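These are the residues of each chain, in order.
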Amino acid sequence: MVENSELRKAGLKVTLPRVKILQMLDSAEQRHMSAEDVYKALMEAGEDVGLATVYRVLTQFEAAGLVARHNFDGGHAVFELADGEHHDHMVDVETREVIEFISPEIEKLQKAIAEEHGFELIDHHLVLHVRKRK
């Protein structure tokens, strides 16, 4: 199973809750899920994994680099699988929908701005808070 090798590669012991949570994140239609979202999806699938376990495993996954944590709306954390491809986000302030996007122009501009100020860009997280035009 791919999940088992991903867990081992990340230095984590393969346990049933870890496998189930990783499978849920990988197969979910929703790419950005809170711990509560993961827990509810597991319950709906008939999996017996407690909410505290979900929180603990997601924290372990984040430390191991398997998931990225985002706090888009003031403290409400959501997680997404860390697939290695950098992207930025837009969050609809009315629906809380998260839209991913990639912009080479924005990436180039951010790097140039850092260099203009005498810095090397190491990492960044760009979140645009948006609303549909009426």
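Residues numbered from 1 in each chain as written. Predicted model: local features only at pLDDT ≥ 70, side-chain atom pairs only at ≥ 80, totals over all residues. Heavy atoms only, no water.

- Per an unreviewed UniProt entry, the chain goes by the name Ferric uptake regulation protein and belongs to Pseudomonas frederiksbergensis.
- According to UniProt, the comment filed for the chain under the heading Sequence similarities (unreviewed entry) is "Belongs to the Fur family."
- For the chain, the Subunit (unreviewed entry) comment in UniProt is given as "Homodimer." (UniProt positions renumbered as here; feature names shortened; annotations may be inferred.)

## Focus on unusual backbone geometry
Logical step 1: Look at R96: it is not a glycine, yet its phi comes out positive at around 65°.
Logical step 2: Here R96 falls in the partly exposed class, since its relative accessible area comes to 46%. (Buried < 20%, exposed > 50% of the residue type's maximum accessible area, 1.4 Å probe, protein only.)

## Let's talk about the sheet that holds strand β3 (residues 88-92)
Logical step 1: Strand order in the open sheet formed by 3 strands is β4-β3-β5, and the pairing between neighbours is mixed. With one partner strand each, in any of the chains shown, β4 (98-101) and β5 (127-130) form the two edges of the open sheet. Along the sheet, successive strands turn relative to each other by an average axial angle of 25°, direction set aside.
Logical step 2: One ladder, built from 4 bridges, connects β3 with β4; its direction is antiparallel. The residue of β4 that forms the bridge with V91 is V98. (Pairing = 2+ DSSP bridges. Helix = DSSP H or I, 4+ residues; strand = E, 2+ residues; numbered from the N terminus. Axes fitted to C-alpha atoms, helices over the stretch in contact; angles between N-to-C directions.)

## Concerning the domain arrangement of the chain
Logical step 1: Here the chain is partitioned into domain 1 (2-81) and domain 2 (88-130).
Logical step 2: One C-alpha centre belongs to domain 1, the other to domain 2; they are set 25 Å apart.
Logical step 3: Contact with domain 1, which involves 7 residues of that partner, is made by 7 residues of domain 2.
Logical step 4: In total, about 600 Å² of surface goes out of reach between domain 1 and domain 2, with carbon and sulfur atoms giving 57% of it.
Logical step 5: If you sort the residues of domain 1 by the area they bury against domain 2, H32, F72 and D73 come out on top, with a joint share of 72%.
Logical step 6: The tally of links between domain 1 and domain 2 comes to 1 salt bridge.
Logical step 7: As a salt-bridge pair, R31 and E100 come within 2.5 Å of each other at their nearest N and O atoms.
Logical step 8: Where domain 1 touches domain 2, the interface holds 4 residue pairs in polar contact (both at pLDDT 80 or more).
Logical step 9: Of the residues in the side of domain 1 that touches domain 2, the class split is 1 nonpolar, 3 polar and 3 charged. (Domains from an automatic or database assignment. Contact = heavy atoms within 4.5 Å. Buried area = accessible area lost by both parts, 1.4 Å probe. Salt bridge = Lys/Arg side-chain N within 4 Å of Asp/Glu carboxyl O. Polar contact = N/O pair within 3.5 Å; in protein donor to acceptor, adjacent residues only side chain to side chain. Nonpolar A, V, L, I, M, F, W, Y, C, P; charged D, E, K, R; others polar.)

## Observations concerning the UniProt feature "binding site: Fe cation" (unreviewed entry) in the chain
Logical step 1: Summarizing the sequence annotation, UniProt attributes the feature "binding site: Fe cation" (unreviewed entry) to H86, D88, E107 and H124 in the numbering used throughout. Of the residues just listed, which span 39 residues, no C-alpha pair is farther apart than 9.8 Å, and they cluster in one region.
Logical step 2: Relative to the assigned elements, H86 resides in the loop between β2 (77-81) and β3.
Logical step 3: Take H86: its relative accessible area is 35%, and that puts it in the partly exposed class.
Logical step 4: Leave out the neighbours within four places in its chain, and H86 touches I102, E107 and H124.
Logical step 5: Counting through the fold element by element, D88 comes out in strand β3.
Logical step 6: Non-local contacts of D88, meaning those with residues more than four positions away in its chain, are made with I99, E100, F101, E107, H124 and L126.
Logical step 7: Only 3.4 Å separates the side chain of D88 from the side chain of H124, close enough to count as a polar contact.

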